[in-house]
Amino acid sequence: MKTKYQQEFEKDRFAKNTGIILVDVVPGYAKAQLEISEAHHNAVGVVQGGALFTLADFCFAAASNSHGRVALAIDAEISFFKAVSSGVLTAVAKEISLNGKLGTYLVEITNEEGDCIAHFKGTVYRKKDTYNF
């Protein structure tokens, strides 16, 4: 059964339009998946870097907002390691640092064979605002 937080976060319209599914979220951790379609391909027939970034960024957002405080990205970077053109990609975000105002997260994107496709690191600013759901 999905938590209220999961249900609310799944309303992210951009992620929904790209086909991203939020699989799991607990404080400081999130997991999301994307089934690759031709709509995710670039001109040479592999997944476009922006699609990979969107998957990682969504997972990062879910993990960083999982403590109930509004968290907004202030820095994000991604490295691409392997091109893919089909299958299901899984992103896992893990919190590596958290304090009153900042949180840092690592996201790894893997394919179905467990190969690392991309690695993402992001930092958020944690506002005082909380979620009301």
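Scroll up to find the structure this text is about.
Residues numbered from 1 in each chain as written. Predicted model: local features only at pLDDT ≥ 70, side-chain atom pairs only at ≥ 80, totals over all residues. Heavy atoms only, no water.

A. Spotlight on the overall build of the chain. A count of helices and strands for the chain gives three helices and six strands. Written out in order from the N terminus, the α and β elements of the chain read α-α-β-β-α-β-β-β-β. Whereas a compact globule of 133 residues would reach a radius of gyration of roughly 14 Å, the chain reaches 14 Å, a difference of no more than 12%. The C-alpha extent of the chain, read off along each of the three principal axes, is 45 × 30 × 25 Å. (Helix = DSSP H or I, 4+ residues; strand = E, 2+ residues; numbered from the N terminus. Rg over C-alpha atoms; globule rule 2.2 N^0.38 Å.)

B. Representation of helix 3 (residues 49-64) within the structure. The terminal C-alpha atoms of helix 3 lie 22 Å apart, and with 16 residues this matches the ideal 22 Å at 1.5 Å per residue to within 8%. If you check the start of helix 3, you find a side-chain oxygen 2.4 Å away from the backbone N of glycine 50, and it comes from glutamine 48. (Expected span 1.5 Å × (residues − 1). Polar contact = N/O pair within 3.5 Å; in protein donor to acceptor, adjacent residues only side chain to side chain.)

C. Quick look at the pairing of strand 1 (residues 20-26). With six bridges joining them, strand 1 and strand 2 (residues 29-35) adopt antiparallel strand pairing. Along strand 2, the bridge assignment pairs leucine 22 with alanine 32. Hairpin geometry of strand 1 and strand 2 is characterised by an intervening segment of two residues between the two adjacent antiparallel strands and by a positive phi of about 85 degrees at glycine 28. (Pairing = 2+ DSSP bridges.)

D. Quick look at a nonpolar patch on the surface. A cluster of nonpolar residues, Ile74, Leu102 and Tyr125, forms a patch on the protein surface that exposes about 280 Å² of accessible area. Mapped onto the elements, leucine 102 comes out in strand 5 (residues 102-110). Leucine 102 sits in the partly exposed class, given a relative accessible area of 36%. (Patch = residues over 30% accessible without salt bridge, like charges linked within 9 Å, V, L, I, M, F, W, Y side chains within 5 Å. Areas by Shrake-Rupley, 256 points an atom, 1.4 Å probe, with all protein chains shown as cover. Salt bridge = Lys/Arg side-chain N within 4 Å of Asp/Glu carboxyl O. Buried < 20%, exposed > 50% of the residue type's maximum accessible area, 1.4 Å probe, protein only.)

E. Inspection of the sheet that holds strand 3 (residues 69-80) at higher detail. An order of 1-2-4-5-6-3 is seen for the six strands of this open sheet, with the pairing classed as antiparallel. The open sheet terminates on both sides in strands that have one partner only, identified here as strand 1 and strand 3. Here the strands of the sheet are splayed against their neighbours by 20 degrees on average, with no regard to which way each runs. Here strand 2 pairs with strand 4 (residues 88-98) via seven bridges, running antiparallel. Looking across to strand 4, one finds that glutamine 33 is bridged to threonine 90. (Axes fitted to C-alpha atoms, helices over the stretch in contact; angles between N-to-C directions.)

F. Structural detail: the nonpolar core. Residues Ile20, Leu55, Phe58, Cys59, Leu89, Val107 and Ile109 are the most contacted members of the largest nonpolar core, which totals 31 residues. Where this core is concerned, the elements lending two or more residues are strand 1, strand 2, helix 3, strand 4, strand 5 and strand 6 (116-130). The leading source of residues in this core is helix 3, at nine residues. Contacts of leucine 55, omitting those with residues within four sequence positions, involve Ile20, Ala32, Gln33, Leu34, Leu89, Ala91 and Ile109. (Core = buried A, V, L, I, M, F, W, Y, C linked by side-chain atoms within 4.5 Å. Contact = heavy atoms within 4.5 Å.)

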